[in-house]
Each structure stands twice: as structure tokens, then as C-alpha cells.
Amino acid sequence: STNPVKTNSVRAAFEQAFSGEKIEVQGFDVPSGISEQPWGDHETRSGALNRALAAAAAFQTAYGHEPEFAVGLEGGVIDDDLAAAHPAVPGLLPEVQCFAWMAVLRSDARPGLPKWGLSRTAT
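Residues numbered from 1 in each chain as written. Predicted model: local features only at pLDDT ≥ 70, side-chain atom pairs only at ≥ 80, totals over all residues. Heavy atoms only, no water.

Scanning the chain for helices and strands turns up three helices and three strands. In the chain, the succession of helices and strands from N to C terminus is α-α-β-α-β-β. At 17 Å, the chain has a C-alpha radius of gyration far larger than the 14 Å of a compact globule built from 123 residues. Dimensions of the chain, computed from the C-alpha atoms along their principal axes, are close to 60 × 35 × 30 Å. Burial status across the chain gives 25% buried among its 123 residues. When contacts within the chain are restricted to residue pairs at least 6 apart in sequence, those whose partners lie at least 24 apart make up 51%. With an accessible surface of roughly 8000 Å², the chain has 55% of that area assigned to carbon and sulfur atoms. For the chain, the distance from the average site of its 9 positive side-chain charges to the average site of its 15 negative ones is 8 Å. (Helix = DSSP H or I, 4+ residues; strand = E, 2+ residues; numbered from the N terminus. Rg over C-alpha atoms; globule rule 2.2 N^0.38 Å. Buried < 20%, exposed > 50% of the residue type's maximum accessible area, 1.4 Å probe, protein only. Contact = heavy atoms within 4.5 Å. Areas by Shrake-Rupley, 256 points an atom, 1.4 Å probe, with all protein chains shown as cover. Lys, Arg positive; Asp, Glu negative; His and termini not counted. Charge placed at Lys NZ, Arg CZ, Asp CG, Glu CD.)

Below, the discussion takes up helix H2 (residues 40–63). With 24 residues, H2 should cover 34 Å at 1.5 Å per step; its first-to-last C-alpha distance of 35 Å lies within 8% of that length. Residues of H2 that are buried in the fold lie against strand E1 (69–81), strand E2 (94–106) and strand E3 (116–120). Gly64, located one to two residues past H2, shows a positive phi value of around 80 degrees. (Expected span 1.5 Å × (residues − 1).)

Further remarks concern the nonpolar core. With five residues, the main nonpolar core is built from Ala48, Ala52, Phe99, Trp101 and Ala103. Those elements giving two or more residues to this core turn out to be H2 and E2. For this core, the element with the most residues is E2, which contributes three residues. Setting aside chain neighbours within four positions, we find Trp101 in contact with Asp41, Thr44, Arg45, Ala48, Gly72, Leu73, Glu74, Leu118, Ser119 and Arg120. (Core = buried A, V, L, I, M, F, W, Y, C linked by side-chain atoms within 4.5 Å.)

Another aspect to go through is helix H1 (residues 4–17). If you check H1, its first and last C-alpha atoms are 20 Å apart, about what 14 residues at 1.5 Å a residue would give, namely 20 Å. Turning to H1, its buried residues are Thr7, Val10 and Phe14. The arc that holds the buried residues of H1, viewed along the axis, is 60 degrees, so those residues lie on one side. Facing away from the buried surface of H1 by more than 90 degrees, the exposed residues are Pro4, Val5 and Gln16. The N-cap of H1, judged by a side-chain oxygen 2.8 Å from the amide nitrogen of Val5 a few residues on, is Asn3. (Arc of directions from axis to C-beta. Polar contact = N/O pair within 3.5 Å; in protein donor to acceptor, adjacent residues only side chain to side chain.)

The three strands are arranged E1-E2-E3 in an open sheet whose pairing can be described as antiparallel. Strands at the two margins of the open sheet, each flanked by one partner only, are E1 and E3. Sheet twist, expressed as the mean angle between neighbouring strand axes with direction ignored, is 20 degrees. Bridge count between E1 and E2: 13 bridges; the pairing is antiparallel. Within E2, the residue paired with Leu73 across the bridge is Met102. Packing of H1 onto the sheet brings it into contact with E1 and E2, and relative to E1 it is tilted by some 110 degrees. Against the sheet, H2 contacts E1, E2 and E3, and its axis sits at roughly 165 degrees relative to E1. (Pairing = 2+ DSSP bridges. Axes fitted to C-alpha atoms, helices over the stretch in contact; angles between N-to-C directions.)

As C-alpha cells, then:
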């Protein structure tokens, strides 16, 4: 993304994870390959994965080499029918919850080590 809120969030997370290292973040406007408003974990996670792959490709095109890391962020929503899930609890109503998936692709991962990191926010 080129959204400063998102790029600054990624920068802050990497600065915390790699304390003392110089962190450069380059945003790219890349497609998610999913619907405009993703519903559910699967579609939202797919959008984050697709964006990380597309960001890595855009970086490769722009700079002629792979990035060390490529990050995809995707926000989504999900229906949660609390009354059906907990019928013994009175007063619960269905709700729509908002969340996001983050996918981090490490380009130089050695064989046998994780190439992807995935995480989901809470509502």
C-alpha cells in the first residue's frame, strides 16, 4: 500500500523487530485479487498473501532485485452469530466483526525455514 498509515505501521513493526537496524519501507499500490470488501478469514488472508506477492514483484520490477521482506495487509469482516454459537446465554445478538490479516514474505529464507509469517488482528 502507499497509504502512510499502513507503511508507517509496517515501519514501526520492523523497527521493533530489528532494533538498531536501518529500516527502509517502500509502498506499492498492488491488487489483492479478491473482492472490494472481503468477507471471512479465507478471503481476507488470501488478499494479504496476494498483496505480499504482488509487492515483491513490484519491488523486483522497480529495483531489479528481490526485497528482503514483502508485506501484504488486508482488512476484512465476518458475521458472528453469537446467539447461535452460545444458545444458553440470553441477550446475545449477531454482529459483524472487523479484522485484518498480515502476510510477511521473506525472500531469502533458507530451505527448511519459514518463508511466510501470517498474523490476524482481533476485532
